[in-house]
Amino acid sequence: MTISYNWLSEYLHEKIEPEKLSKILTSIGLEVESMEPFEEVKGGLKGLVIGEVLECAKHPDADKLSLTKVNIGTGEPLQIVCGAPNVAAGQKVVVATIGTTIYPASGEPLTMKKAKIRGAESHGMICAEDEIGLGTSHAGIMVLPADAVVGTAAAAYFNTYTDIIYEIGLTPNRMDAMSHLGVAKDVCAYLSHHNKKETPVKSPFKNNFKVDHQGLQMEVIIENTVACERYSGVSIEGVTIAESPLWLQQKLKSIGLRPINNIVDITNFILHETGQPLHAFDADQVIGKKVIIKNVAEGTPFISLDSKERKLSAEDLMICNTEAPMCIGGVFGGLNSGVTVSTKNIFLESAWFNPVSIRKTSFRHGLRTDAAARFEKGVDISNTVNVLKRAAMLIKEIAGGKIASDVIDVYPAPKQKTEVALKYHYLKKLSGKNYHGDTIKNILTSLGFEMIKEGLDEMWVKVPFSKPDISIAADLVEEIMRIDGLDNVDIPQAITISPAVETLAHQTAYQEKVAGYLTGSGFNEIFTNSITNSAYFSETVLNTTVKMINNLSEELNVMRPSMLETGLESIAHNLNRKNNTLRFFEFGKTYSTNGVGEYSESNHLCLYTTGNKTDSQWNAKAQKTDFYFLKGVVEKIIALTGLSINEWAVCDHEKLTDCAEVKVKNEVVAVIGAINKKTAERFDCRQTVFTADIDWDKLMALNKKQTISFKEISKFPAVHRDLAIVVDKNVAYQQIEKTAFATKINRLKSVSLFDVFESEKLGANKKSMAVSLTFLDEEKTMTDSEIDGMMNKIIGAYEKELQAEIRK
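Every value quoted in this text rests on a predicted model; they were computed, and no experiment measured them. (Residues numbered from 1 in each chain as written. Predicted model: local features only at pLDDT ≥ 70, side-chain atom pairs only at ≥ 80, totals over all residues. Heavy atoms only, no water.)

### Re the confidence of the model for the chain
And then number 1: When pLDDT is averaged across the chain, the result is 92; 100% of the residues are at 70 or more.
And then number 2: Per-element averaging of pLDDT across the chain places strand S35 (residues 647-650) at the bottom with 88 and strand S38 (residues 689-695) at the top with 97. (pLDDT = per-residue confidence, 0-100. Helix = DSSP H or I, 4+ residues; strand = E, 2+ residues; numbered from the N terminus.)

Take a look at the structure:
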């Protein structure tokens, strides 16, 4: 939520310093995530000054340049070389002196320096409007009125608008703070409580609404009273569509809105002032002078304001005339009924639409408008007429015209305010603080609550319509604690807890252990969104994918069936910002369904690495990361869980190449590989990315079955023997390892590969592989003859099973 400091201050009886106001907002639960300066003109015209051209002569060495003497009110006139064709003596101009940075309407900022132009010194620049961001014309320098005072700062002369902009992290239940007036009410309630003095908000609503005549009457008919519980409107005749006044444009620009015309700008202004969306129809396009709120047939075509034809759903609430739909109620206007430059008469709408209906329609058509965002959270149903009258009077003031009808207010079933009881001891239990009854009463009444009755230990209040989220006593506790200040919550001297047994403690312990190892190995932990884009997956995968019903956007529409895609988004984000060496890991969940209402989720640990394995040093070159680096990390992770790998097997994967699966106790617990070319192009990854997906649930299940055992370290030395064999090129190391252990030699403890050599001298399609064999007898020191016997047995197995030749 974007809030303007200047705008907000208009509703406060006293102006509060921006930093102090930021702390107040955060204290009352409206967390200020950022506070940034806003300048209508970039740079704020700092350093620019009003000057007078005293002399103007042709440059002796350039036909199109002039030598000028300019008085800026600081003593000696400045000599400035100027290339503008319209420069002349006696003009009042804008001057950028040496050291001043100017911000052109387009292009990069430029800092003035002393310069020599065709042999003549220039001590600044006489500016055109586009060079300082005041316009787009570059036909010549800006010539100011003769009464401009020399030496005046340009910022003061042009009175440029500056502001402070707060970005507030609103929680979804705080629709009452989705406007400047709503935030101001909270601030005033805070001030009233802490200053012990009633500080009401300065209301923008004036009792000055007056009907000029009854010449443009409309009839309003609500057919769907569930989706539209209240509809108010008024006609205004004889308006002039034009640019908005400067003050209105500045307010809208400060919060990031683009001014369009006076009518549209007023509706946007009212939306951000009060939180009530409005819509202006061209009254001459309301056929039959009837406004009908209803649903239309499934598939009805409708051209919206963005000139797109949309097929309507039978669930979409439409604002119609007697012949056709004019507007998607509460979401988006229609092309043919909106305000244009030729509009003379308007019908202004202020309504309350059902939040569920609006949200469904908004997502159905992919229209996330400011109006829909407010309606779907619930607006103040009691305020439609007040807001309508204020907007109508603003339109009359700014766009001219006359109020040409009474306010039409169709409210078939007026709502009753929610009543909530609050017991004082319950307040103390939740807040940990004793509040006096008068304090509770003052806080709640300052927020708009209406007192019904008070007792010794409780009070009853009516909830204002502006706070539809409040329905239980706990909500009132939150309101009281907010205004008292969340920073003022008492810290208890003792905390009472109930011991509990954590059934997944062992998983958490291993997760912490593995995370510690990975961070120590240079990996960074990431957290990615569990909701992702269905476009990443094939139809086969989507058959078992959990699809979102009310998705946040068109791109975020399924629960992720794998973690690879969301991880690659993070990889691509970093690669596109020149962060080319990356090591990421993430613990997360994947989701699936069998299509008949049964859902499942599983825990995974995913690893991603790309770029360099080691950086370049004075004595070593950088080494690229590879499959074997990640393989070693996976092996270590599995070892940390107390398990050992019994097989690596080559496998196929839709999105990976050079892919292998890892088996522990003959169960696949991980898949490792490099993303293939198609996947790399899909995510714009321009370098090789290696990834591993570990099934954490399966790993933990195997770990739980594991029996922890220990034994004394052997007192006798291990013996290492090396062996080089020539085998066919298609023989994998895993076959060599398996063949050695298949000999059932108990004293063989490990086999490791330390060299691979290929040469035509070895023979066609042959390679040499050198392995190191480790033997250990835990009861005695082995003799050479015993070791030779075991080696001969292993050599015989290699010759028989792999047709290997022993290299001498």
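Resuming the write-up.
### Observations regarding the sheet that holds strand S42 (residues 805-806)
And then number 1: Ordered in space as S40-S41-S39-S42, the four strands form an open sheet in which the pairing is antiparallel. At either end of the open sheet lies a strand with only one pairing partner, and these are strand S40 (748-757) and S42.
And then number 2: The pairing of strand S39 (residues 719-728) with S42 spans two bridges and is classified as antiparallel. For valine 726, the partnering residue across the bridge sits in S42 and is glutamate 805. (Pairing = 2+ DSSP bridges.)

### A closer look at the side chain of serine 304
And then number 1: With respect to the helices and strands, serine 304 occurs in the loop between strand S17 (301-303) and strand S18 (309-311).
And then number 2: With sequence-adjacent residues up to four places away left out, serine 304 is seen in contact with Arg310, Phe332, Gly333, Gly334 and Leu335. (Contact = heavy atoms within 4.5 Å.)

### Details of the packing of helix H4 (residues 180-195) against helix H12 (residues 473-484)
Two quantities define a packed helix pair, namely the angle between the axes and the distance from one axis to the other.
And then number 1: As a packed pair, H4 and H12 sit with axes 8 Å apart at the nearest point and diverge in direction by 70 degrees. It follows from the interaxial angle that H4 and H12 lie roughly perpendicular. Counting all contacts with H4, which are made through Asp186, Ala189, Tyr190, His193 and His194, the residues of H12 involved are Arg482, Ile483 and Asp484.
And then number 2: Partitioned by chemical class, the residues of the contact of H4 with H12 number three nonpolar, two polar and three charged. (Axes fitted to C-alpha atoms, helices over the stretch in contact; angles between N-to-C directions. Parallel < 35°, antiparallel > 145°, perpendicular 65-115°, else oblique. Nonpolar A, V, L, I, M, F, W, Y, C, P; charged D, E, K, R; others polar.)

### Some thoughts on the packing of aromatic side chains
And then number 1: Inspection of every chain in the model, using the stated rule, returns twelve aromatic pairs.
And then number 2: Measuring from centroid to centroid gives 6.3 Å for phenylalanine 38 and tyrosine 161, while their planes differ by 65 degrees, and the two rings are edge-to-face. Taken as a pair, phenylalanine 38 in strand S2 (residues 31-39) and tyrosine 161 in the loop between helix H3 (154-158) and strand S12 (162-169) lie far apart in primary sequence, 123 residues in all.
And then number 3: With a relative accessible area of 17%, phenylalanine 38 lands in the buried category.
And then number 4: Seen from their ring centres, phenylalanine 523 and phenylalanine 629 are 6.5 Å apart, and the 5 degrees between their planes marks the pair as stacked. In this pair, phenylalanine 523 is assigned in the loop between helix H13 (505-520) and strand S28 (524-525) and phenylalanine 629 in helix H16 (residues 627-640), connecting sequence segments 106 residues apart. With respect to burial, phenylalanine 523 and phenylalanine 629 carry one shared label: buried.
And then number 5: Grouping aromatic residues by their ring pairs yields a cluster made of Trp7, Trp247 and Phe269.
And then number 6: The residue whose ring lies beneath arginine 368 is phenylalanine 363, and the NZ or CZ to ring-centre distance is 4.3 Å.
And then number 7: Above the face of the tryptophan 648 ring, lysine 631 is positioned so that its terminal group lies 5.0 Å from the ring centre. (Phe/Tyr/Trp six-rings, centres within 6.5 Å; stacked < 30°, edge-to-face > 60°. Buried < 20%, exposed > 50% of the residue type's maximum accessible area, 1.4 Å probe, protein only. Lys NZ or Arg CZ within 6 Å of the ring centre and 35° of its normal.)

### Some remarks on unusual backbone geometry
And then number 1: Positive phi, normally seen in glycine, also occurs at lysine 289, with a value near 50 degrees.
And then number 2: Mapping lysine 289 onto the fold places it in the loop between strand S15 (278-282) and strand S16 (290-295).
And then number 3: Even without glycine at this site, lysine 744 takes up a positive phi of about 60 degrees.
And then number 4: Positionally, lysine 744 belongs in the loop between helix H19 (733-741) and S40.

### What about helix H11 (residues 437-446)?
And then number 1: Within H11 the residues assigned to the buried category are Gly437, Thr439, Ile440, Ile443 and Leu444. Buried positions in H11, seen along its axis, are confined to an arc of 165 degrees and lie on one side of it.
And then number 2: Those residues of H11 hidden inside the fold are in contact with H4, strand S25 (419-423), helix H10 (424-431), strand S27 (458-462) and H12.
And then number 3: Just past H11, the residue glycine 448 takes up positive phi, approximately 100 degrees. (Arc of directions from axis to C-beta.)

### Describing the packing of H19 against helix H20 (residues 784-802)
And then number 1: Remark: H19 packs on H20, axes separated minimally by 9 Å, with the N-to-C direction vectors making an angle of 130 degrees. As far as their axial angle goes, H20 and H19 are oblique. Pair H19 / H20 crosses with right-handed handedness. Each of Gln735, Ile736, Thr739 and Ala740 in H19 lies in contact with H20, whose residues at this interface are Ile794, Ala797, Tyr798, Glu801 and Leu802.
And then number 2: Among the residues making up the contact of H19 with H20, the classes are represented as six nonpolar, two polar and one charged. (Left-handed = near helix turned anticlockwise from the far one by under 90°.)

### Focus on the nonpolar core
Where a protein is soluble and globular, its nonpolar side chains tend to be buried together.
And then number 1: Formed by 68 residues in total, the largest nonpolar core has its most connected members in Leu25, Val187, Ile395 and Ile440.
And then number 2: Looking at this core, the element that brings in the most residues is H4, giving eight residues.
And then number 3: With 38 residues, the next largest nonpolar core counts Phe281, Val286, Met318 and Phe347 among its residues. (Core = buried A, V, L, I, M, F, W, Y, C linked by side-chain atoms within 4.5 Å.)

### Describing the pairing of S15
And then number 1: Here S15 lies mainly inside the structure; five of its five residues are buried.
And then number 2: The alternating pattern of S15 places Leu278, Ala280 and Asp282 and His279 and Phe281 on opposite faces, both of which are buried.

### Section: the sheet that holds strand S1 (residues 2-4)
And then number 1: Judged by pairing direction, the sheet is antiparallel, and its three strands sit side by side in the order S1-S12-S2 without closing on themselves. Looking along the sheet, the strands with just one partner apiece sit at the ends: S1 and S2. Neighbour-to-neighbour, the strand axes of this sheet turn through a mean angle of 25 degrees, independent of strand direction.

### Some remarks on the pattern of salt bridges
One side chain can pair with another of opposite charge once the charged atoms of both are near each other.
And then number 1: All told, the structure shown has 40 salt bridges when counted by the stated rule.
And then number 2: For arginine 230, the salt bridge goes to aspartate 409, with nearest N and O atoms at 2.6 Å. Of this pair, arginine 230 sits in strand S14 (residues 228-237) while aspartate 409 sits in strand S24 (residues 408-410), and the two are 179 residues apart along the sequence.
And then number 3: Across the pair aspartate 484 and lysine 433 runs a salt bridge, and its minimum N-O distance is 2.7 Å. Taken together, the residues span a long stretch of sequence, with aspartate 484 in helix H12 and lysine 433 in the loop between H10 and H11 at a distance of 51 residues.
And then number 4: The network of salt bridges with shared partners includes Arg174, Asp176, Asp186, Lys467, Glu479 and Arg482. (Salt bridge = Lys/Arg side-chain N within 4 Å of Asp/Glu carboxyl O.)

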